[in-house]
Amino acid sequence: MNQLREEFAARRESAEAVRLNKFLSENGVCSRREADRLIAEGRVLVDGVPAVAGQKVTPSQKVTVDQKTVSLQTEMVLLAVNKPRGIVCSSKSQGKDTTIEEFLHYPKRIFSIGRLDKDSEGLLLMTNDGEILNKIMRAGNYHEKEYLVKTDRPIDDHFLSAMAKGVYLEELDQTTRPCRVTKVGKCSFRIILTQGLNRQIRRMCASLGYRVVSLRRERIMNIRLGDLKTGEMRNVTDAEMKQLYQSIRNSRG
């Protein structure tokens, strides 16, 4: 069995008490940070009693979120999805907008590892394992994500240099990390990031006077979009899992 799946199964078989936020994360409800928020808002019950921050639970206890029972996940799911434009990466209903969970109709509870904004498309990883999410998404782990971007006007050397060195984003009061940028067409470029600020590429381009016309994510670490068609999904292969494990085994969660 793949090492990631082995670790997942071992965590499920353990009868030891774990922190509630970790329990919710490992069973496909949300990230640990989001779990802490749900607990603080009184939306999580353990055996019918409102949960408290730092509480520990065992697999035998009944945990509910918004009156829905959290099912113990016994088999790891990791999917590569080609998200279409117009779909939002949210676990909550967005009114008229379709969420990625609604779009996929997957039979198990899964959530996205990172997000693509509504107007962006391309590779999205979906899982029921919050530990993988935490290790891949934590900015301090410097894991790569690659994008193909088209802008509204021709790209020059100044633009490429500025993007690569890092751009100060006034609205976030933060300068982006140095990154790799390569021109691939008159108005298009590839960019490899090791962080994931909100709408980062669009904000970087806007700060330099450019508008993003299209944005597609083509790679997350070793997992590539390849020829996966828009709207389709596939299981991450054992070979991809093995390489992913090698990359994240020493990462902080």
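Calculation rules
- Residues numbered from 1 in each chain as written.
- Predicted model: local features only at pLDDT ≥ 70, side-chain atom pairs only at ≥ 80, totals over all residues.
- Heavy atoms only, no water.
- Helix = DSSP H or I, 4+ residues; strand = E, 2+ residues; numbered from the N terminus.
- Rg over C-alpha atoms; globule rule 2.2 N^0.38 Å.
- Buried < 20%, exposed > 50% of the residue type's maximum accessible area, 1.4 Å probe, protein only.
- Contact = heavy atoms within 4.5 Å.
- Areas by Shrake-Rupley, 256 points an atom, 1.4 Å probe, with all protein chains shown as cover.
- Lys, Arg positive; Asp, Glu negative; His and termini not counted.
- Charge placed at Lys NZ, Arg CZ, Asp CG, Glu CD.
- Phe/Tyr/Trp six-rings, centres within 6.5 Å; stacked < 30°, edge-to-face > 60°.
- Lys NZ or Arg CZ within 6 Å of the ring centre and 35° of its normal.
- Pairing = 2+ DSSP bridges.
- Salt bridge = Lys/Arg side-chain N within 4 Å of Asp/Glu carboxyl O.

A word on the overall build of the chain
At step 1: What the chain contains, in helices and strands, is eight helices and 19 strands.
At step 2: Here the C-alpha atoms of the chain give a radius of gyration of 19 Å, agreeing with the 18 Å that 2.2 N^0.38 yields for 253 residues.
At step 3: Its C-alpha atoms put the chain at 60 × 40 × 35 Å along the principal axes.
At step 4: The buried share of the chain, reckoned over its 253 residues, is 47%.
At step 5: Counting contacts in the chain only where the partners sit at least 6 residues apart, residues at least 24 apart contribute 66% of the total.
At step 6: With an accessible surface of roughly 13100 Å², the chain has 46% of that area assigned to carbon and sulfur atoms.
At step 7: Computed over 44 positive and 32 negative side-chain charges, the inter-centroid distance for the chain is 2 Å.

Observations concerning the packing of aromatic side chains
At step 1: Scanning the model with the defined rule gives two aromatic pairs in all.
At step 2: Each ring, one from phenylalanine 159 and one from phenylalanine 189, has its centre 5.3 Å from the other, and the planes form 65°; the classification is edge-to-face. Note that phenylalanine 159 is positioned in helix 6 (residues 157–165) and phenylalanine 189 in strand 16 (residues 188–193), a separation of 30 residues in sequence. As far as burial versus exposure is concerned, phenylalanine 159 and phenylalanine 189 are alike and both buried.
At step 3: A ring pair is formed by phenylalanine 159 and tyrosine 210, whose centres lie 4.4 Å apart and whose planes are at 45°; its orientation type is tilted. Residue phenylalanine 159 is found in helix 6, and its partner tyrosine 210 is found in the loop between helix 7 (200–207) and strand 17 (212–220); the two are separated by 51 residues along the sequence.
At step 4: With relative accessibility at 6%, the residue tyrosine 210 sits in the buried group.
At step 5: Here the aromatic residues Phe159, Phe189 and Tyr210 are joined through ring pairs into a cluster of three or more.
At step 6: Here the basic side chain of arginine 153 rests over the ring of tyrosine 210, its NZ or CZ set 3.8 Å away from the ring centre.

Quick notes on the sheet that holds strand 6 (residues 68–69)
At step 1: Ordered in space as 3-2-5-6, the four strands form an open sheet in which the pairing is antiparallel. The two strands at the open ends of the sheet, each matched to only one other strand, are strand 3 (49–50) and strand 6.
At step 2: As defined by bridge partners, strand 5 (residues 63–65) adjoins strand 6 across two bridges and the pair is classed as antiparallel. Bridging from a neighbouring strand, threonine 64 pairs with threonine 69 of strand 6.

Thoughts on the environment of valine 57
At step 1: Counting through the fold element by element, valine 57 comes out in strand 4 (residues 56–57).
At step 2: The exposure class of valine 57 is buried, given its relative accessible area of 1%.
At step 3: Separated by 144 residues in sequence, valine 57 and isoleucine 201 have C-alpha atoms that sit 40 Å apart.
At step 4: Residues contacting valine 57, with those up to four places away along its chain left out, are Glu16, Ala17, Val18, Leu20, Phe23, Val46 and Val63.

A short note on the pattern of salt bridges
At step 1: Scanning all chains against the criterion turns up 15 salt bridges.
At step 2: Glutamate 34 is the salt-bridge partner of arginine 37, the closest N and O atoms lying 2.3 Å from each other. In this pair, arginine 37 and glutamate 34 are both assigned in helix 3 (residues 32–40), three residues apart and thus about one turn of the helix distant.
At step 3: Residue glutamate 34 is classed as partly exposed on the basis of its relative accessible area of 24%.
At step 4: A salt bridge links arginine 190 to glutamate 146; the shortest N-O distance between them is 3.5 Å. Within this pair, whereas arginine 190 is found in strand 16, its partner glutamate 146 is found in strand 12 (residues 145–151), the two being separated by 44 residues in sequence.
At step 5: In the salt-bridge network here, residues are joined through shared partners; they are Glu144, Glu146, Arg180, Arg190, Arg216, Glu218 and Arg219.

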